[in-house]
Amino acid sequence: MAFYREHYAKNGKSMNKIYAGVEETIKELSKEHVLAVGTSKLEESARDIIKYFDLEKYFAFVGGAAMDGSRNTKAKVLKYVLENIGEYDSEETYMIGDRFYDIKGAKELNLKSIGVKWGYGEEKELIDAGADYIVNNTDELKELVKRIK
Ligand SMILES: O=C(O)COP(=O)(O)O
């Protein structure tokens, strides 16, 4: 398991909230999996938010959009994150995301994907984008990860 996208709202780190169960899920999954963040947010902002919530120790790498406008698609961000993680097996690497572009980005890089229903996206967009799995909540996510590992 190599990817974990961030699940925070916008507008300043102190105004962000972590969705119920996500912090505990990150902690649990990080015990047996390599977790990383691939976000369309500016990398610097994403790192600030993750640090604010004291979660940086759970992620092998946090990658986001660059200030200079490069890495302006999810696929570009994911490629960059994978390069920074090093060796990975695409059969065992999952992108977890709430929007169609997370799923499409994963596909472009031949990664599997898990769509989550607690974020900003609708189930339909995750299905239409071709998510390999869709989960309703963090308990289902943890169960799924145990099942597919
Ligand atoms: O904050 C955004 O605009 C999108 O962020 P995401 O790529 O982590 O979904």
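None of the values given here were measured: they were computed from a predicted structure.

Engineer: Requested: an account of the overall build of the protein chain, with residues and values cited.
Structural biologist: Helix and strand counts for the protein chain stand at 6 helices and 5 strands. Helices and strands appear in the protein chain in the N-to-C order α-β-α-β-α-β-α-β-α-β-α. Across the 149 residues that make up the protein chain, the buried fraction comes to 47%. Taking the contacts inside the protein chain whose residues are at least 6 apart along the sequence as the reference set, 56% of them involve residues at least 24 apart. Of the roughly 7800 Å² of accessible surface on the protein chain, 47% is carried by carbon and sulfur atoms.

Engineer: Would you mind going over the packing of aromatic side chains in detail, with residue names and values included?
Structural biologist: Applying the stated rule across the entire model yields 4 aromatic pairs. Where F61 meets Y80, the ring centres are 5.5 Å apart and the plane angle is 70°; that geometry is what we call edge-to-face. You can see F61 sitting in strand β2 (residues 61-65) and its partner Y80 sitting in helix α3 (residues 74-85), a full 19 residues away along the chain. A residue is classified by how much of its surface remains accessible, and F61, at 13% relative accessible area, is buried. Using a relative accessible area of 18% as the deciding quantity, one classes Y80 as buried. Each ring, one from F100 and one from Y101, has its centre 5.5 Å from the other, and the planes form 70°; the classification is edge-to-face. Looking at F100, the relative accessible area reads 32%, which means it is partly exposed. By relative accessible area, Y101 is classed as partly exposed at 32%. Over the ring of F61 we find R47; its NZ or CZ atom is 5.3 Å from the centre of that ring. The ring centre of Y80 lies 3.6 Å from the NZ or CZ of R71, which sits over that ring.

Engineer: Residues and numbers for unusual backbone geometry, please.
Structural biologist: For D54, which is not glycine, the phi dihedral falls at a positive 60°. By the element assignment, D54 lies in the loop between α2 (43-52) and β2. Among the residues examined, D54 registers a relative accessible area of 46% and is labelled partly exposed. Notably, N110 is not glycine yet its phi reads approximately 60°, a positive angle. Its place among the elements puts N110 in the loop between α4 (100-108) and β4 (112-116). A residue is classified by how much of its surface remains accessible, and N110, at 61% relative accessible area, is exposed.

Engineer: Mind laying out the packing of α3 against α4, listing which residues take part and the relevant values?
Structural biologist: Packed helices, taken two at a time, are described by the angle between their axes plus the distance between the axes. The contact between α3 and α4 brings their axes to 8 Å, and the two run at 55°. Taken together, α3 and α4 sit at an angle that is classed as oblique. Once α3 is placed against α4, the crossing between them reads as right-handed. Of α4, the residues touching α3 (which contributes K74, A75 and L78) are Y101, D102, G105, A106 and E108. Of the residues belonging to the contact of α3 with α4, the class tally is 4 nonpolar, 1 polar and 3 charged.

Rules and cut-offs
Residues numbered from 1 in each chain as written. Predicted model: local features only at pLDDT ≥ 70, side-chain atom pairs only at ≥ 80, totals over all residues. Heavy atoms only, no water. Helix = DSSP H or I, 4+ residues; strand = E, 2+ residues; numbered from the N terminus. Buried < 20%, exposed > 50% of the residue type's maximum accessible area, 1.4 Å probe, protein only. Contact = heavy atoms within 4.5 Å. Areas by Shrake-Rupley, 256 points an atom, 1.4 Å probe, with all protein chains shown as cover. Phe/Tyr/Trp six-rings, centres within 6.5 Å; stacked < 30°, edge-to-face > 60°. Lys NZ or Arg CZ within 6 Å of the ring centre and 35° of its normal. Axes fitted to C-alpha atoms, helices over the stretch in contact; angles between N-to-C directions. Parallel < 35°, antiparallel > 145°, perpendicular 65-115°, else oblique. Left-handed = near helix turned anticlockwise from the far one by under 90°. Nonpolar A, V, L, I, M, F, W, Y, C, P; charged D, E, K, R; others polar.

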